[in-house]
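# Commentary on secondary and tertiary structure
What follows is the residue order along each chain.
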Amino acid sequence: MFIGRDLDRVDALAKVLGTAGFAHDLRMEGMLFACVVRSTKPHALLRDVDVSGAYAVPGVLRVVSHKDIPGQNTFGALRKDQPFLAESRVRYVGEPILVVIGENEAVAREGAARVRIDYGEIDAVLEPDATGKGRQIYDTGSLMAYKKVRKGDVEKGSAASDVVVAHTFRTTWIDHAFLETEAGIGYVDEGGRIVIKSSTQNIHYKRVEISRLLAIPEERIRVVQATTGGGFGGKLDVTCEGFLALAVHLLKRPVFMRYTREESFLSNTKRHPLSIDYKTGARKDGTLTAVKVDITGDTGPYASYGDAVCLRVAVHATGPYEVPNVWADCKLLYTNNPVSGAMRGFGVPQLAFAHESQLDEVAEALGMDPIDIRIRNGLKRGSVTATGQVLSASAGFVETLKKIEPFWRARQKTKKGSGFGLGCMYYGIGNTGVANPANALVELGEEGRVILHTGACEIGQGSDTALLQIALETLGVARSDVLLDRGDTDTSKDAGSSSASRQTYISGKAVQEAALGLRAFLDEAGYYHRGRALGDIYRATKDKGRLLFEGFFNPPASGLDEATGQGIPYATYAFASHMTEVEVEEATGACRVKQVHAAHDVGKSINPKAIRGQICGGVAMGVGLALMEEFIPGKTASFDAYYIPTSLDMPRVEVFLVEDEEPTGPFGAKGVGEPALIPQAASVVNAVTDAVGVHVYELPCHVERLKGLIESKKTTK
Amino acid sequence: MKRVGFTLNGKTTTCDVEENELLLHTLRERLSIASVKEGCSIGECGTCTVLIDNEPCYACLTLTAKVEGRDVLTVEYLAHADLLHPLQESFISHGAVQCGFCTPAMLLVGYSLLLKHRQPTDEQIREAMSGNLCRCTGYVQIIEAIKDAAPVFIHSGS
Ligand code: FES
Ligand code: FES
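This report concerns the structure included in the present document. Because the structure is a prediction, the values reported are computed rather than measured.

Secondary structure assignment for chain B yields five helices and five strands. Relative to the compact-globule value of 15 Å for 158 residues, chain B shows a C-alpha radius of gyration of 15 Å, a close match. In terms of overall dimensions, chain B has a C-alpha envelope of 45 × 30 × 25 Å along the principal axes. Looking at the 158 residues of chain B, the share that counts as buried comes to 59%.

Encoded structure:
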């Protein structure tokens, strides 16, 4: 009834009416405004901080420093290593030092501008140094994380190859550029508890961090997700929530914060710039024999999600291909550049750029069609991945290629400068090699209304609607019978973050489990066979307490061996193939993306319209990654210097879905949020090569860079 | 302070504002029109778009004093009582809304375009919305929604 149907989004009505309460829109009687004073230096000691100028501004009530923190002055999703407010040293431009609280925004910002900081500058580390011999930020060295994957013997595999291709690929910092900057409101409720409502991707995690910061128990804190204007990984780390909690705790008045766009660019974590040495070996018939990948990345001064990126790129080193001999190293190094963290794909989009370019060059060297080499080596049921995992089900990669094959074979260059490229990917759903459970609650409430309580955050990706569809299908009730209650730590249990394309799969399964509990109860009570109304069932049993059914799902995966990376990092994988047509103007280096055919194995499509939306959005972000997006530390402060695709940059998009059902997923579903983006930049780059015959080893391939490549090709001829 | 009079969503409105006050501030903070968003504050994202005499304008770059005597529309104008405007219906049914932060502005741009072109081409739609960023949708379903609403577009002016 409800699975595979284009249900309208449950949040769309409020959004088209303009009544949705985004974090930016939250207001309260008597609320104050807080803003952050941030470091203007990449690396410095704080010799003196003079706040008298701020206090001289009428309406400034309080300037908060690290000394005002009652609990721990550190946070971090995976390591508690990042200060909320700098103590004696700052390590990147944009690092928070103080919070200024004033009667209104103008006053608070004026106060912040009048703070005087005497910096004792220290030489900054601006290039990641893998040798360990250069300048270091920390006494413990520059190496933040190091992960490896070893399978077979790459030297032997290379020796047995008829062709070996080796190149170095480079990518740069990318900003999430969600349109709603970080924002939220905090206040003390009637019960004396601290309430934070913010633009976020994870409420339960934020509550833990606030509890540590203020040294008060989690039960004394409530975190609510406001309508959130985009996330893409950038609202996973604590943004304004800690400052709000601190301000509310100290002043006991409602406090609001909203980052300016410049502040968002400055403070938000970035996609990791990676340098990828990639060597691929293959036999004459195109069979891959060995892949050796050596990756170093700039992680900035704090860990954020670096560990997750590091492990994930090592694990995904080969791309969606079966390779008998694999050697993959990934090292992330500390610098005084912006903190890099989670961004849609956790490093895999950068890696796809490398492995897909490589594969095209191997195919070219062997005189093979790019699609044939992919079909020949593609992972399928029974294949063994780089970590030694046997794919026993839901591995529809080759089917995604088959979907676009007719268009690929029929491709025709219509004019000079037109070209076609393929990009493929696989992506493990959920966190890598660690437990990442989700809980859900389904309740039979007042008047027989079914209430779905979930802690999963809707960040625009459509989890609210997908989870509702799963509940409706499982229960076999009408749309009007079910209420959704989402994103409140008071009414939900931890569902984990909206990240790693995990909510449909993991929260979806937890919702299904909880709904099955209620279903069994309703069955017993005569709902399905005797036609007893939900309201009657509720009234007959309500005196026995709340009718609450719990669901829980933790995907079956295992930890990975430290030395070899062998193990089962994920219970399931998504697969995708994109074919992109471009037109390059040789004289200027301008590249237009004309059309994309995108095929995705989603396991089971819960809502095809929503999936198409994710894919079109992913294509846009991939076009940006390939051709225009580049954050330059110390320079980028606005959209004037950071281009994201506009409607004029978008190609036509044709979407094809493969449904190779995942036995552990809800109705067979996996995830699509990040897969939508991952292969896109790779396919653009390959199309550019096809169009003008130059190889692109560094992103973004913007106009000047491409023009330079075309010109140097002409002069070397 | 300065008194400014204009028509807001069909109603005569007067408002006391600062000399250099921006329309974005007036609408959001004085008149509680929260549908007009502030994505960048400097004319680069389009989320603050309103229609002034039916033409899209960035409210973050418009002085409130400049709208004296003019006709200002925000997305609140589109729906009447319980009835959605066909463009709003179309945005919902085409999946043109994801996070929704760009949505009110996109609807206004679409509305303004359809007033001028009853059957716009894809290119005209893309051109019309090129000053409005969306980070979520890739614009595809928004373009489809506007195009599909064109035949049933009703100028629901008062
Ligand atoms: S807020 Fe006006 S254009 Fe961005
Ligand atoms: S729907 Fe999120 S910015 Fe457009």
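Given 3.6 residues per turn, any residue in an α-helix points the same way as the ones three and four places further on. All names here are of chain B. Turning to helix α1 (residues 23-30), its buried residues are Leu23, Leu24, Thr26, Leu27 and Arg28. Residues of α1 that are buried make contact with β1 (2-8), β2 (11-17) and β3 (49-52). Ser32 sits one or two residues past α1 and shows a positive phi near 55°.

This brings us to the packing of aromatic side chains. Residues and elements named next belong to chain A. By the definition in use, this model includes 21 aromatic pairs over all chains. Ring geometry for Tyr426 versus Tyr573: centroids 5.2 Å apart, planes at 20°, classification stacked. Taken together, the positions of Tyr426 in strand β16 (residues 418-428) and Tyr573 in strand β21 (residues 573-585) put the pair 147 residues apart, joining distant regions of the chain. For Tyr426, a relative accessible area of 2% gives the class buried. Considering the side-chain rings of Phe521 and Phe549, the 5.7 Å spacing of their centres and the 45° angle between planes classify their relative orientation as tilted. Taken as a pair, Phe521 in helix α13 (residues 503-524) and Phe549 in strand β20 (residues 547-553) lie far apart in primary sequence, 28 residues in all. Taken together, the aromatic side chains of Tyr321, Phe397, Tyr426, Tyr570, Tyr573 and Phe575 make up a single cluster linked through ring pairs. A cation over a ring is seen here: Lys331 above Tyr146, with NZ or CZ 4.8 Å from the ring centre.

Residues and elements named next belong to chain A. Mapped onto the elements, His600 comes out in strand β22 (residues 590-601). What makes His600 buried here is its relative accessible area of 1%. A polar atom in the side chain of His600 sits 2.8 Å from the side chain of His578. Excluding anything up to four places from it in sequence, His600 contacts Thr400, Phe575, Ala576, His578, Ile615, Phe656, Leu657, Val658, Val672, Pro675 and Ala676.

With 53 residues of chain A at the contact, the number on the chain B side is 45 residues. Roughly 3700 Å² is buried in total at the junction of chain A and chain B, and carbon and sulfur atoms are behind 57% of that figure. Between the two partners, chain A and chain B, sit six salt bridges. Linking Lys37 of chain B and Asp25 of chain A is a salt bridge whose minimum nitrogen-to-oxygen distance equals 2.5 Å.

Turning our eyes to something else, we now look at the sheet that holds strand β15 (residues 325-334) of chain A. Residues and elements named next belong to chain A. Pairing is mixed in the open sheet, where five strands are placed in the order β7-β15-β14-β13-β8. Two strands close off the open sheet at either side, each with one partner strand: β7 (143-151) and β8 (163-170). When strand polarity is set aside, the average angle formed by the axes of neighbouring strands in this sheet is 5°. Here strand β14 (residues 288-300) runs beside β15; their pairing, made up of ten bridges, is parallel. Within β15, the residue paired with Ile295 across the bridge is Cys330. In this fold helix α8 (residues 306-315) packs onto β7, β13 (274-282), β14 and β15, with an angle of close to 20° to the strand it touches most, β7. On the sheet, helix α9 (residues 348-366) packs against β8, β13 and β14 and is oriented at approximately 150° with respect to β8.

Definitions and cut-offs
- Residues numbered from 1 in each chain as written.
- Chains lettered and ligands numbered in written order.
- Predicted model: local features only at pLDDT ≥ 70, side-chain atom pairs only at ≥ 80, totals over all residues.
- Heavy atoms only, no water.
- Helix = DSSP H or I, 4+ residues; strand = E, 2+ residues; numbered from the N terminus.
- Rg over C-alpha atoms; globule rule 2.2 N^0.38 Å.
- Buried < 20%, exposed > 50% of the residue type's maximum accessible area, 1.4 Å probe, protein only.
- Contact = heavy atoms within 4.5 Å.
- Phe/Tyr/Trp six-rings, centres within 6.5 Å; stacked < 30°, edge-to-face > 60°.
- Lys NZ or Arg CZ within 6 Å of the ring centre and 35° of its normal.
- Polar contact = N/O pair within 3.5 Å; in protein donor to acceptor, adjacent residues only side chain to side chain.
- Buried area = accessible area lost by both parts, 1.4 Å probe.
- Salt bridge = Lys/Arg side-chain N within 4 Å of Asp/Glu carboxyl O.
- Pairing = 2+ DSSP bridges.
- Axes fitted to C-alpha atoms, helices over the stretch in contact; angles between N-to-C directions.

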